[in-house]
Amino acid sequence: MNYKIVSDSSANLLELPAFNFSTVPLHVIVSDKDFVDNKDLNLDEMLNTLSSYKGKSSTSCPSAQEWIDAFGDADVVFCVTITSNLSGSCSSAKVAQSMYESEHTGRKVYVIDSLSTGPEMVLIIDKLVELINSGISPDEIFATICEYQKETHLYFTLSSLDNLAKNGRINSILAKGIGILGIKIVGRASDMGTLEPMDKCRGDKRAYSCLISHMKKCVYNGGRVIISHTNNPSGANEMNELIKSEFNYNDAIIMENRALCGYYAEPGSILVGFEA
Ligand code: X90
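Residues numbered from 1 in each chain as written. Predicted model: local features only at pLDDT ≥ 70, side-chain atom pairs only at ≥ 80, totals over all residues. Heavy atoms only, no water.

S.K.: Would you take a moment to explain the overall build of the chain for this structure?
M.R.: Of the regular secondary structure elements, the chain holds 10 helices and 13 strands. A globule of 276 residues ought to have a C-alpha radius of gyration of about 19 Å, and the chain, at 18 Å, matches this closely. Over its C-alpha atoms, taken along the principal directions, the chain stretches across nearly 60 × 50 × 30 Å. Put simply, the chain has 276 residues, and 55% of those count as buried. In the chain, 72% of the contacts between residues at least 6 apart in sequence involve partners at least 24 apart. (Helix = DSSP H or I, 4+ residues; strand = E, 2+ residues; numbered from the N terminus. Rg over C-alpha atoms; globule rule 2.2 N^0.38 Å. Buried < 20%, exposed > 50% of the residue type's maximum accessible area, 1.4 Å probe, protein only. Contact = heavy atoms within 4.5 Å.)

S.K.: Would you mind going over the nonpolar core with me for this structure?
M.R.: In this structure, M46, L158 and L161 are the most contacted members of the largest nonpolar core, which totals 30 residues. The set of elements that each furnish at least two residues to this core consists of β3 (27-30), α1 (43-52), β8 (152-158), α6 (162-166), β9 (183-189) and α10 (259-264). Broken down by element, the residue count for this core peaks at 5 residues, all from α10. Not counting residues within four places of it along the chain, the set of residues in contact with L158 comprises L164, I178, K184, I185, L195, A265, S269 and L271. With 26 residues, the next largest nonpolar core counts Y3, I112, V129 and Y148 among its residues. (Core = buried A, V, L, I, M, F, W, Y, C linked by side-chain atoms within 4.5 Å.)

S.K.: What is the right way to look at helix α4 (residues 118-133) in this model?
M.R.: An α-helical turn contains 3.6 residues, so any two residues separated by three or four positions project in the same direction. In this model, α4 (16 residues) spans 23 Å end to end at C-alpha, consistent with the 22 Å of a helix rising 1.5 Å per residue. Within α4, 13 of the 16 residues are buried, which leaves the element mostly enclosed by the surrounding structure. (Expected span 1.5 Å × (residues − 1).)

This is the structure in structure tokens:
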């Protein structure tokens with residue numbers, strides 16, 4: 001059986017070494033420019049355009065046809081999307097699923113709503129690779145991944161909530177004051193796949209140790225960690241060092257946010273995906 005994993009670009013992954021994988025881009029639209037979140041994206045250009053542009057900007061999710069094109073000719077597709085509570089990506093994937101399955105008898109698509117984004121999607125994708133390679137059946141893989149999702153989390157510190165508020169992804173009252181005077185928000189992806197604020201902190205250092213204290217409350221106990229950042233490699237390293245010293249963890253994987261996560265998790269932000 002020919003397996004494929006397909007995710008949308010909010011996972012910040014372009015390829016998976018030694019696995020049949022494709023990604024479907026979301027779009028960031030600034031003025032008349034469409035930044036397609038694929039391998040050709042010029043992230044610096046996007047961030048520079050955004051910082052100098054004061055008008056409206058927005059994002060859009062993949063169409064069902066884009067998902068179908070990415071499914072290719074696989075017999076079994078595991079499709080991982082950004083949270084359905086903040087994006088239409090998962091709905092498009094479900095439309096693609098029923099079209100693909102009805103056009104190709106015997107083929108099967110499993111849509112996995114990450115209820116999250118970025119590094120937590122990478123944890124799910126890595127676990128899918130492990131499960132597929134273990135040789136268990138597709139239905140068993142799906143059931144196991146649904147259980148695994150209960151153990152994975154996404155915590156973050158954000159430097160601004162402007163783009164989230166302007167695009168109606170959070171309540172705009174929440175966004176007030178964040179970013180001004182170095183106020184950072186520390187939050188997490190809720191069980192429903194929405195942005196759940198946990199604390200407000202002044203300055204990066206306080207925000208990082210605040211995030212660590214919330215990880216402790218969540219009974220983080222040395223599982224895998226993946227960190228992504230927007231234009232903040234030093235912050236990501238600092239967070240990695242803190243996690244290593246506080247929890248005796250080896251080393252997190254550090255990744256850069258691409259267009260979609262970089263647009264909403266504005267420069268200076270850090271996302272931490274971990275297994276509890
Ligand atoms: O369909 C679209 O246009 C995409 C909309 C995506 C909106 C949310 C993106 C969040 C990106 C920000 C911090 C993490 C929040 C996680 C909450 C589940 C990253």
